[in-house]
Amino acid sequence: MKGLDLERLRAYLGSDAELTGRMFAGGRSNLTYAVTDGTNRWVLRRPPLGHVLPTAHDMAREHRVLEALSKAGFPAPRPVLLCTDTEVIGAPFYLMEHVDGRIYRDVADLRGLGPEAMRRLVLSLVDTLADLHALDPYAIGLGDFGRPEGFNARQVSRWKKQLDASRSREVAGIDELHARLAVDIPAGGPGTVVHGDFRLDNVLIGDDLGINAVLDWEMSTLGDPLSDVALMVIYAGLPLNVGGDGKPTAPLSVPGHPTIAELSARYAERSRRDVSDLHWYVGFAAFKLAVILEGVHYRYVQGQTVGEGFETIGNLVGPLVMRGHEALEGH
């Protein structure tokens with residue numbers, strides 16, 4: 001299996017049973033596999049096969065935040081082990097428990113829920129994000145997980161550097177968007193644990209439509225909680241199942257999905273936070289996601305990706321840049 005040598009993993013685990021595994025669909029950055037020895041079920045995460053940016057794909061950080069959050073009772077998978085020895089499978093990796101649940105990546109499945117259930121599901125997503133931001137980082141052992149002071153300014157600088165490290169083509173308006181964002185950066189309030197990529201298809205949904213687990217913590221740090229809210233807003237307007245068989249459609253268009261105003265109001269009520277500067281955060285979220293996807297596009301053109309759907313990722317970058325400019329203009 002590309003990216004995962006099951007025999008070497010079996011030897012490392014000291015397992016007498018043969019391991020079987022499969023890659024999860026939908027991953028665009030770290031590679032994720034389901035692994036079992038016939039009795040136990042795990043999920044393995046490892047970095048992509050090439051072009052690893054210096055600040056990305058840190059397995060130890062992801063393992064650490066999962067351990068802290070799961071112990072605090074937040075719905076995050078419990079990590080089982082961390083391996084930093086690159087000789088085992090060719091890269092650092094960690095194993096975590098397998099959590100049952102469903103990831104909604106197809107708009108047809110969301111429509112099938114019906115408007116009432118759809119609304120309940122999305123509002124539960126907002127509430128879960130507010131609950132994450134309510135955790136005291138020091139109380140759960142993550143007091144040194146990041147530097148909240150100056151977070152927004154560093155983010156604006158960091159993602160410009162990430163863009164410069166992943167350039168393979170001209171992207172109209174992206175440098176202008178960065179310049180506009182850099183003019184008036186919000187100071188932000190007290191820092192919280194932020195997920196960094198919070199969206200509907202990064203959570204496992206149970207049969208009761210409750211959130212069983214929040215996944216993909218590679219972007220997590222201590223920072224401004226409104227950055228997570230803004231990304232959730234951006235993702236609500238982006239098409240799902242890009243590269244799939246169905247017509248790409250945004251969750252926001254599904255009957256029952258709350259409006260953007262309702263999402264921000266729900267978060268403000270649950271978190272007791274001021275969201276009046278959210279337009280700047282939405283503009284930055286669009287820029288950040290455009291840079292991330294441009295990095296994925298870079299790896300695709302370099303032949304360093306595994307899986308399907310990568311050929312369409314680059315098409316989303318331009319519209320995201322436009323969305324960022326619109327947000328800064330109050331739209």
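See above for the structure.
Residues numbered from 1 in each chain as written. Predicted model: local features only at pLDDT ≥ 70, side-chain atom pairs only at ≥ 80, totals over all residues. Heavy atoms only, no water.

Caption draft 1: Looking closely at the sheet that holds strand E1 (residues 20-23). The sheet built from five strands is open, its strands ordered E1-E2-E3-E5-E4 with antiparallel pairing. Strands at the two margins of the open sheet, each flanked by one partner only, are E1 and strand E4 (79-83). When strand polarity is set aside, the average angle formed by the axes of neighbouring strands in this sheet is 20°. In the sheet, E1 pairs with strand E2 (residues 31-36) via four bridges, with the strands oriented antiparallel. The partner of Gly21 across the bridge, within E2, is Val35. (Pairing = 2+ DSSP bridges. Helix = DSSP H or I, 4+ residues; strand = E, 2+ residues; numbered from the N terminus. Axes fitted to C-alpha atoms, helices over the stretch in contact; angles between N-to-C directions.)

Caption draft 2: A look at the side chain of Asn152. For Asn152, the location among the structural elements is in helix H5 (residues 151-165). Within polar-contact distance, the side chain of Asn152 engages the backbone oxygen of Pro186 at 3.0 Å. Beyond its immediate stretch of four places on either side in the chain, Asn152 contacts Ile185, Pro186, Ala187, Gly188, Asp224, Trp280 and Tyr281. (Polar contact = N/O pair within 3.5 Å; in protein donor to acceptor, adjacent residues only side chain to side chain. Contact = heavy atoms within 4.5 Å.)

Caption draft 3: Region of interest: the pattern of salt bridges. The full count for this structure, using the stated rule, is 20 salt bridges. Here Glu62 makes a salt bridge to Arg45, at a shortest N to O gap of 2.7 Å. Of the two residues, Glu62 sits in helix H2 (residues 59-71) while Arg45 sits in strand E3 (residues 41-46), which places them 17 residues apart along the sequence. A relative accessible area of 1% places Glu62 in the buried class. For Arg45, a relative accessible area of 2% translates into the label buried. The salt bridge involving Arg169 is made with Glu294; its shortest N-O contact spans 2.8 Å. With Arg169 in the loop between H5 and helix H6 (174-183) and Glu294 in helix H9 (residues 278-301), this pair connects stretches of sequence that are 125 residues apart. Classification of Arg169 as partly exposed rests on a relative accessible area of 32%. Of the residues examined, Glu294 reaches a relative accessible area of 1% and is grouped as buried. Because the salt bridges share partners, they merge into one network encompassing Arg45, Glu62, Asp216 and Glu218. (Salt bridge = Lys/Arg side-chain N within 4 Å of Asp/Glu carboxyl O. Buried < 20%, exposed > 50% of the residue type's maximum accessible area, 1.4 Å probe, protein only.)

Caption draft 4: View of the packing of aromatic side chains. Summed over the entire model, instances satisfying the criterion amount to five aromatic pairs. Residues Phe74 and Trp217 carry aromatic rings whose centres are separated by 6.0 Å and whose planes lie at 80° to one another, so their mutual orientation is edge-to-face. Taken together, the residues Phe74 in the loop between H2 and E4 and Trp217 in the loop between strand E8 (211-214) and strand E9 (221-223) connect sequence positions 143 residues apart. Take Phe74 and Trp217: they sit in the same class, and that class is buried. A ring pair is formed by Trp280 and Phe284, whose centres lie 5.7 Å apart and whose planes are at 5°; its orientation type is stacked. Of this pair, Trp280 and Phe284 both sit in helix H9, separated by four residues, roughly a single helical turn. Accessibility expressed as a relative area gives 6% for Phe284, which makes it buried. (Phe/Tyr/Trp six-rings, centres within 6.5 Å; stacked < 30°, edge-to-face > 60°.)

Caption draft 5: View of the nonpolar core. Judged by nonpolar contacts, the single largest core of 80 residues is most densely connected at Leu69, Trp217 and Phe287. For this core, the element with the most residues is H9, which contributes 13 residues. In this structure, Trp217 is in contact with Arg45, Glu62, Val65, Leu66, Leu69, Phe74, Ala76, Leu132 and His195, ignoring residues within four places of it in sequence. If you look at the next biggest cluster of nonpolar residues, it comprises 15 residues, including Leu19, Leu31, Leu44 and Cys83. (Core = buried A, V, L, I, M, F, W, Y, C linked by side-chain atoms within 4.5 Å.)

Caption draft 6: Molecular detail of the environment of Met96. Here Met96 shows up in strand E5 (residues 93-97). Under the relative-accessibility criterion, Met96 is labelled buried at 7%. Residues Met96 and Glu67 lie 29 residues apart in sequence; the distance between their C-alpha atoms is 9.5 Å. Ignoring anything within four residues of it in the chain, the contact list for Met96 reads Trp42, Val43, Arg45, Leu66, Pro77, Arg78, Pro79 and Val80.

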